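Single-letter residue listing:
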Amino acid sequence: MVTNWKVVPHKEVKVTDKYYDEAFKIQVRNMLLLDPDRLLAGFRDTAGCIAGMDEAERTEFMKGKERYGGAWEDGMIGGHTLGHYITALAQAVANPGLTKEEVSKVKERLDYIIDGLDECQKKTLGTKSEGYIFGACLPTKEFTDNPEQQFDNVEKGLSNLFTEAWVPWYTMHKIMTGLNAAFLLAGNDKALEVDNLLAQWIINRQKGWTEEINKTVLSIEYGGMNDCLYELYDINRNLKNAGDKRAFADPEKIKDAAHKFDDVALFEKIFSGAKNVLNNTHANTTIPKFIGALARYEVDRSEEKYLEYADSFWEMVVKKHTYVTGGNSENEHFGEDSILDAERTHVNNETCNTHNMLKLSRRLFAVTGDKKYLDYAENTLINAIMASQNHDTGFTTYFQPMATGYQKVFNTLDGNFWCCTGTGYENFTKLQRGIYYTAPGKLLVAMYLASEYENEDYKLVMDCDLTTSDKVKLTIVPKDGKTVKDDLLLFIPTWVKGKMTVAIGDKCLEAEPADKFIEIKAALLEEAGKCADKAVLLEITLPMGIACHNLPDGKDTYAFCYGPYVLSARLGNKKIKETTHGVRVSVAAEKAIDSDELKITAESSVKAFIDNIEKHLVKREGTCEFDLKDVSLPLVFTTHFNQYTESYGIYWKYVVD
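Below or above, wherever it landed, is the structure these notes cover.

Scoring rules and cut-offs
- Residues numbered from 1 in each chain as written.
- Predicted model: local features only at pLDDT ≥ 70, side-chain atom pairs only at ≥ 80, totals over all residues.
- Heavy atoms only, no water.
- Helix = DSSP H or I, 4+ residues; strand = E, 2+ residues; numbered from the N terminus.
- Buried < 20%, exposed > 50% of the residue type's maximum accessible area, 1.4 Å probe, protein only.
- Contact = heavy atoms within 4.5 Å.
- Disulfide = S-S within 2.5 Å.
- Axes fitted to C-alpha atoms, helices over the stretch in contact; angles between N-to-C directions.
- Parallel < 35°, antiparallel > 145°, perpendicular 65-115°, else oblique.
- Left-handed = near helix turned anticlockwise from the far one by under 90°.
- Nonpolar A, V, L, I, M, F, W, Y, C, P; charged D, E, K, R; others polar.
- Pairing = 2+ DSSP bridges.
- Patch = residues over 30% accessible without salt bridge, like charges linked within 9 Å, V, L, I, M, F, W, Y side chains within 5 Å.
- Areas by Shrake-Rupley, 256 points an atom, 1.4 Å probe, with all protein chains shown as cover.
- Salt bridge = Lys/Arg side-chain N within 4 Å of Asp/Glu carboxyl O.
- Lys, Arg positive; Asp, Glu negative; His and termini not counted.
- Charge placed at Lys NZ, Arg CZ, Asp CG, Glu CD.
- Core = buried A, V, L, I, M, F, W, Y, C linked by side-chain atoms within 4.5 Å.

1. Looking at the side chain of Asn153
Inspection of the secondary structure assignment puts Asn153 in helix 7 (residues 149-155). Using a relative accessible area of 5% as the deciding quantity, one classes Asn153 as buried.

2. Topic: the environment of Cys137
Checked against the element boundaries, Cys137 lands in the loop between helix 5 (100-122) and helix 6 (141-145). Owing to a relative accessible area of 15%, Cys137 belongs among the buried residues under this scheme. Expressed as a C-alpha distance, the spacing of Cys137 and Ile77, which sit 60 residues apart in the sequence, is 7.8 Å. Not counting residues within four places of it along the chain, the set of residues in contact with Cys137 comprises Arg67, Asp74, Gly75 and Met76.

3. Overview of the state of the cysteines
Per the counting criterion, the structure on display carries 0 disulfides. With no disulfide of its own, Cys561 has Cys548 as its nearest cysteine by sulfur position, at a separation of 8.9 Å.

4. A word on the packing of helix 11 (residues 225-241) against helix 12 (residues 251-259)
Axis separation between helix 11 and helix 12 bottoms out at 8 Å; the angle between their running directions is 165°. When the axis of helix 11 is compared with that of helix 12, the two are roughly antiparallel. Seen along the crossing, helix 11 lies across helix 12 with a hand that is left-handed. Residue-level contacts link Asn226, Leu229, Tyr230, Leu232, Tyr233, Asn236, Arg237 and Lys240 of helix 11 to Pro251, Glu252, Ile254, Lys255, Ala257, Ala258 and His259 of helix 12. The class makeup of the residues in the contact of helix 11 with helix 12 is 8 nonpolar, 3 polar and 4 charged.

5. Examining the pairing of strand 10 (residues 507-511)
Judged from the 5 bridges that link them, strand 9 (residues 500-504) and strand 10 form a sheet pairing that is antiparallel. Residue pairing in the sheet places Met500 in a bridge with Ala511 of strand 10.

6. Remarks on the sheet that holds strand 2 (residues 13-15)
Across a sheet, strands are paired by hydrogen bonds formed along the backbone, either parallel or antiparallel in direction. If you walk across this open sheet you meet the 7 strands as 2-5-6-7-12-9-10, and the pairing is antiparallel. The sheet terminates laterally at strand 2 and strand 10, the two strands that pair on one side only. Averaged over all pairs of adjacent strands, the angle between strand axes in this sheet comes to 15°, irrespective of strand direction. Here helix 19 (residues 522-530) sits on the sheet in contact with strand 7 (471-478), strand 9, strand 10 and strand 12 (536-541), set at roughly 115° to strand 12.

7. Concerning a negative patch on the surface
Side chains of Asp54, Glu55, Glu57 and Glu60 sit close together on the surface and give a patch of like negative charge. Relative to the helices and strands, Glu57 resides in helix 3 (residues 55-61).

8. What to know about the nonpolar core
Soluble globular proteins tend to pack their nonpolar side chains together in the buried interior. Membership of the largest hydrophobic core comes to 215 residues, with the highest contact counts inside it found for Trp169 and Tyr448. The greatest single-element share of this core, amounting to 10 residues, is contributed by helix 8 (residues 168-186). When residues no more than four places from it in sequence are discounted, the contact partners of Tyr448 are Met462, Cys464, Leu466, Val472, Leu490, Phe491, Pro493, Met500, Ile540 and Leu542. Listed in part, the 11 residues of the second largest apolar core include Val324, Met402, Leu551 and Tyr648.

9. Observations regarding the packing of helix 2 (residues 36-50) against helix 4 (residues 80-93)
Each pair of packed helices gets described by two things: the angle between the helix axes and the distance between those axes. Running from amino to carboxyl end, helix 2 crosses helix 4 at an angle of 125°, the nearest separation of the two axes being 9 Å. Between helix 2 and helix 4, the angle falls in the class oblique. Of the two possible hands of crossing, helix 2 and helix 4 adopt the one that is left-handed. For the pair helix 2 and helix 4, contact is made by Leu39, Leu40 and Phe43 and by Thr81, Leu82 and Tyr85, respectively. By residue class, the composition of the contact of helix 2 with helix 4 is 5 nonpolar, 1 polar and no charged.

10. Things to note about the pattern of salt bridges
Taken as a whole and assessed by the stated rule, the structure comprises 48 salt bridges. With a closest N to O distance of 3.4 Å, Glu510 and Lys499 form a salt bridge. Of this pair, Glu510 sits in strand 10 while Lys499 sits in the loop between strand 8 (487-491) and strand 9; the two residues are 11 residues apart in sequence, bridging distant segments of the chain. Classification of Lys499 by relative accessible area gives partly exposed; the value is 37%. Put simply, Arg570, Arg620, Glu625, Asp627 and Glu646 are held in one network by salt bridges that share partners.

11. Section: the pairing of strand 14 (residues 554-562)
Of all 9 residues in strand 14, 7 are buried, a share of seventy percent or more. Sheet topology places strand 13 (residues 546-551) next to strand 14; 6 bridges connect them, and they run antiparallel. For Cys548, the partnering residue across the bridge sits in strand 14 and is Phe560. Joining the antiparallel neighbours strand 13 and strand 14 is a turn of 2 residues. Of the pairings in the sheet, the one linking strand 14 to strand 23 (residues 652-655) comprises 2 bridges and is antiparallel in character. From the neighbouring strand, Thr557 faces strand 23, where its bridge partner is Lys653. Connecting the antiparallel pair strand 14 and strand 15 (residues 565-570) is a turn made up of 2 residues, with Gly563 showing a positive phi of about 55°.

Put into C-alpha cells, the structure is as follows:
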C-alpha cells in the first residue's frame with residue numbers, strides 16, 4: 001500500500017453537502033462578527049510595554065479597545081484565541097466554499113490581523129525581547145516591567161493560573177501555527193516574516209536552558225510547540241533549497257528548537273505499553289506532544305522511532321480510552337485503561353482532544369497508508385466534530401457528555417473564549433480536509449461526503465447523503481484535451497454490512513468486508529469514459545445496518561450506530577440547566593432522566609436482544625430516526641451529529657428480569 005499520501009490541498013476541494021456547507025458558513029459569519037482590535041489588544045499592550053510606552057500611550061496604541069472578557073482572553077492564557085482565529089481565517093481563504101466577495105472579506109480580516117502583529121513585533125526591535133509577541137494579560141507591575149514574565153515563571157516551575165503562568169507555550173503554539181497557516185494557505189508573506197523573527201526569539205531564549213530547565217518546561221502544558229516549529233522548519237528548508245530569500249538563514253536551528261520540545265521520556269513511557277500508563281494524564285497536554293513526535297518523522301524520515309511513538313500512543317488512546325463517537329477523556333484527563341463506562345459524566349470528550357486526535361490520525365495515514373486511521377477519522381469527523389456545533393448559532397462545545405440524560409452546552413459569541421472555542425473555529429473552516437488523498441498517479445476517496453475535487457486534468461463530483469440513501473455517485477469529467485491518468489482508490493468503511501459494490505460502465509466490482517480499498521485502474525476509467533462522452537460515472541453502494549458497541553467495563557451498556565452515524569435518543573428539553581465548571585466553562589447541570597437502565601421485555605437475555613437488534617430498533621421509513629421497542633422506556637433515536645437542542649442518551653444499560 002502507498003505510504004506517501006498527501007491530503008488534497010484545501011483549495012482543490014469544495015464540500016457541497018448542505019449541512020456541512022451551512023456549518024462552515026455559519027462559523028465564518030461568527031468569526032467576522034468579532035472585533036479584531038479586541039483580539040489584538042493584548043498584543044498591543046505587551047508590545048507597548050516592551051517599547052517603554054506609558055499607560056496612556058498603550059491605550060492609544062490599543063485603539064482604546066480592551067481584551068475580550070470571560071476569564072480567558074482577559075487572563076493569562078489570553079492570545080490563544082487569536083492563534084486559532086488566524087488558522088481558521090487562513091483555512092477559510094483557501095476554502096472554495098466561499099464566494100469571491102466572501103473570500104475578500106475574510107482575507108481583509110486576516111491581513112489586518114497579520115499587519116497588527118507585525119506592527120507589534122516591530123516595537124520590540126532592538127530590545128532584549130526582540131521578536132516577542134504575546135497577548136496575555138499583564139496582572140501586576142512585575143509583568144508590565146517584564147512582559148516575558150510568564151515564560152520566566154514556567155522555567156522556574158511556577159504555574160498558578162492567575163498570578164504566575166497559564167501555559168504560555170501552549171498559547172505560543174497557537175500563534176505560530178496560525179502564522180504558518182497564513183503563509184501556507186493564504187500566501188501572506190508578512191506572516192512568515194513575523195513567524196521567523198518569533199522563532200529567533202525562541203532560539204535565543206532556549207540558549208539559557210539547562211537540561212533541568214528544559215525538563216521543567218516540558219512538564220507544563222506547551223501544546224504542540226514541537227509540531228509548529230517542525231512545520232516552520234520545513235517551510236524554511238523548502239524555501240532555502242529553492243533559493244528563496246524569504247527563508248530563515250539557518251533552518252536547522254529551528255529544527256533544533258523544535259526538538260527541545262520533544263518529550264522523549266514521555267514518548268518512551270507510552271511506547272513501553274505499561275498498564276494504566278495514561279491514568280490521570282491531562283489529555284490535551286499529551287496528544288499534541290505526539291503530533292509533534294510525528295512531525296519530527298515527517299521532516300526527517302530517518303527518525304522512524306518517532307513514528308513508532310506516535311502510532312503506539314494512537315493505539316493506546318483509540319483502543320483503551322475512546323468512546324463510540326471518537327472522543328475521549330473525563331474532565332480533561334485520561335483514566336485507567338479500558339475504564340469508560342464508569343467515567344461517563346457530563347464532562348467527557350473535550351473537543352480539543354478530538355480535534356487533535358483527528359489531526360494525528362490523518363497525518364498517520366498519510367505516512368503509513370494504514371486504513372485504521374481513516375476509519376477513526378471518518379467516525380470522529382461525523383460523530384464528534386460535527387456533533388460539537390449548534391447548527392443554528394455556529395457555537396461549539398467544550399465537553400460532550402457521555403452520561404445519559406445531559407445536553408450539549410455551547411460557547412457564546414463574545415464571552416466564552418475557551419480553548420475549544422478556538423478549536424471550533426479551526427474545525428469548521430476545514431471540513432473538506434481528509435475527504436481525498438493523492439499519491440503519484442493515484443487519487444483516494446477516503447470518505448463519502450458530497451463534494452467536488454478538481455485538479456488540472458479532471459473534476460470529480462461526489463453526490464451522496466448517507467442519511468437518506470446508501471448510494472454514492474461519482475462523476476469524473478476530464479478537462480479539454482486531458483485524460484484521467486490517476487488510478488482511483490475507494491475506501492471501504494468498516495461499518496459496511498455485506499459487500500460494497502461499484503458499478504462502472506458494464507462492469508460491477510465487489511469488495512469483501514475484510515478488504516481495505518477498491519482500486520480502479522486509470523485504463524478502466526478511460527475505457528468507461530469513451531462509452532459515455534468522456535464523463536465517467538461510478539455508482540457505489542454501501543449497505544448499511546445497525547451496529548452495537550458496548551464498553552469494556554460495561555458489557556451490557558450499549559451504543560448504536562447506523563452506517564457511519566452514532567445514534568442518540570431524544571430526551572427533550574424540559575430539564576436543561578447549565579452550571580460553571582473549572583475556569584468559567586459552562587457545562588450541563590441536570591439529567592433529563594433518573595436512570596439509563598432499560599429493561600428488556602421481549603427477549604430472555606441481553607445477548608439475544610442485541611443479536612436481534614434490527615427487530616427491536618426499527619428505522620422509520622424515509623428518515624434516519626429509529627424506534628427502540630420492547631424495552632421499559634420506548635425511545636426515539638436519531639443521528640447524534642445534529643442533536644443540539646435536546647438532552648440525549650447514547651449509552652444505555654440493558655437488563656432482563
